[in-house]
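Fold and contact review
So the chains spell out like this:
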Amino acid sequence: ASFDVILTDPPYGVGAPNFAPQASTGHDYKDTETNFKELSNILADESFRVAKERAHAYIFCDMRKFEHLGAIMVLAGWTVFPTPIYWFKGNGMVPFPKHGPRRTVECILYAWKGERETLVLKNDAITKIPAIRGKELVHGAQKPVALYCELLSRSARPGDTVLDSFGGSGTILVAANIMRLTATYIECDEAQYNRATQRLNVKELD
């Protein structure tokens, strides 16, 4: 019962390390179907446990995993919005280069615990925040700070607490600085953790 918002981006279970040579930055983490199922079961139960009596959750996931993730979140006690929030990122992989199309949309599961209401009513499509490109991209699954701020603006007031249990390069830390939140960041990869510590005092969008 510690966090107002859970905002996290776990592995999708889609074999991301095999995306090369399309990926400009490697996905150096385990991303198997089995790993996804194990992590998502833990995430559903533990996120509910550590969330406050009234809380929100935003979890990035592959579209093909949305129904599975939503079901186990419901079993854990969350109320899940029946359709995803979509982020139109402007670029992406081409799973079948000879046939197309390019995948430019990502999926976010939104859920709530108790009767926590949103602060502002917004659309289920986020369209004006492009993906990170070039030298600023240091993690294959890195999300823009502006995207995290957009999601947090729907749910968190200054002083609220937010958890990112798959913290990557530390996007949640910068977003929390901008939004005046208290963030808890967890990451198992030492290189990404070290990058994140360099962003502890950053208060600027990408």
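That block above? That's the structure.
A few points on the structure. Fair warning: this is a prediction, and the values are worked out from it, not measured in the lab.

Rules behind the numbers
- Residues numbered from 1 in each chain as written.
- Predicted model: local features only at pLDDT ≥ 70, side-chain atom pairs only at ≥ 80, totals over all residues.
- Heavy atoms only, no water.
- Helix = DSSP H or I, 4+ residues; strand = E, 2+ residues; numbered from the N terminus.
- Buried < 20%, exposed > 50% of the residue type's maximum accessible area, 1.4 Å probe, protein only.
- Contact = heavy atoms within 4.5 Å.
- Areas by Shrake-Rupley, 256 points an atom, 1.4 Å probe, with all protein chains shown as cover.
- Polar contact = N/O pair within 3.5 Å; in protein donor to acceptor, adjacent residues only side chain to side chain.
- Pairing = 2+ DSSP bridges.
- Salt bridge = Lys/Arg side-chain N within 4 Å of Asp/Glu carboxyl O.

Before going further, it helps to spend a moment on the overall build of the protein chain. The secondary structure content of the protein chain amounts to 5 helices and 8 strands. The N-to-C order of helical and strand elements in the protein chain reads β-α-β-α-β-β-β-β-α-β-α-β-α. By residue count, 48% of the 206 residues in the protein chain fall in the buried class. Sequence separation of 24 or more characterises 70% of the internal contacts of the protein chain that already satisfy a separation of 6 or more. Surface accessibility of the protein chain: about 10,900 Å² in total, with carbon and sulfur atoms responsible for 53%.

Here Arg-116 shows up in the loop between strand S5 (105-113) and strand S6 (125-126). The class of Arg-116 is buried, set by a relative accessible area of 14%. Among the polar contacts made by the side chain of Arg-116, one reaches the main-chain carbonyl oxygen of Ser-155 at a distance of 2.8 Å. Polar contacts involving the side chain of Arg-116 include one to the side chain of Asp-160, which spans 2.9 Å. The contacts of Arg-116, once residues within four sequence positions are left out, are Asp-4, Arg-54, Ala-55, His-56, Ser-155, Ala-156 and Asp-160.

Attention shifts here to the pairing of strand S2 (residues 51-61). With respect to burial, S2 is a largely interior element, 8 of its 11 residues being buried. Here strand S1 (residues 3-8) pairs with S2 via 5 bridges, running parallel. Residue Phe-3 lies in a different strand from S2, and its bridge partner there is Ala-51. Both S2 and S5 contribute to a ladder of 7 bridges, which runs antiparallel. Note that in S5 the partner of Cys-61 across the bridge is Cys-107.

Across the 9 residues that make up S5, a large majority, 7, are buried. The pairing of strand S3 (residues 79-80) with S5 spans 2 bridges and is classified as antiparallel. When the sheet's bridge partners are listed, Val-80 is paired in S5 with Ala-111. Summarising the sheet, strand S4 (residues 85-88) and S5 pair through 4 bridges and their orientation is antiparallel. What sits directly across from Phe-88, in S5, is Val-105.

Another point: the pattern of salt bridges. For the structure on display, the rule yields 13 salt bridges. Of the charged contacts in the structure, one is a salt bridge between Glu-150 and Lys-122, with a shortest N-O distance of 3.1 Å. On the criterion of sequence distance, the pair formed by Glu-150 in helix H3 (residues 145-153) and Lys-122 in the loop between S5 and S6 is long-range, its members being 28 residues apart. With a relative accessible area of 33%, Lys-122 lands in the partly exposed category. In this structure, the salt-bridge partner of Glu-150 is Arg-154, at a minimum N-O distance of 3.0 Å.

Positionally, Glu-204 belongs in the segment after helix H5 (190-197). The exposed category is assigned to Glu-204, whose relative accessible area is 61%. Taking C-alpha positions, Glu-204 is 7.1 Å from Val-174, a pair spaced 30 residues apart along the chain. Filtering out sequence-adjacent residues up to four positions away, Glu-204 remains in contact with Val-145, Val-174 and Ile-178.

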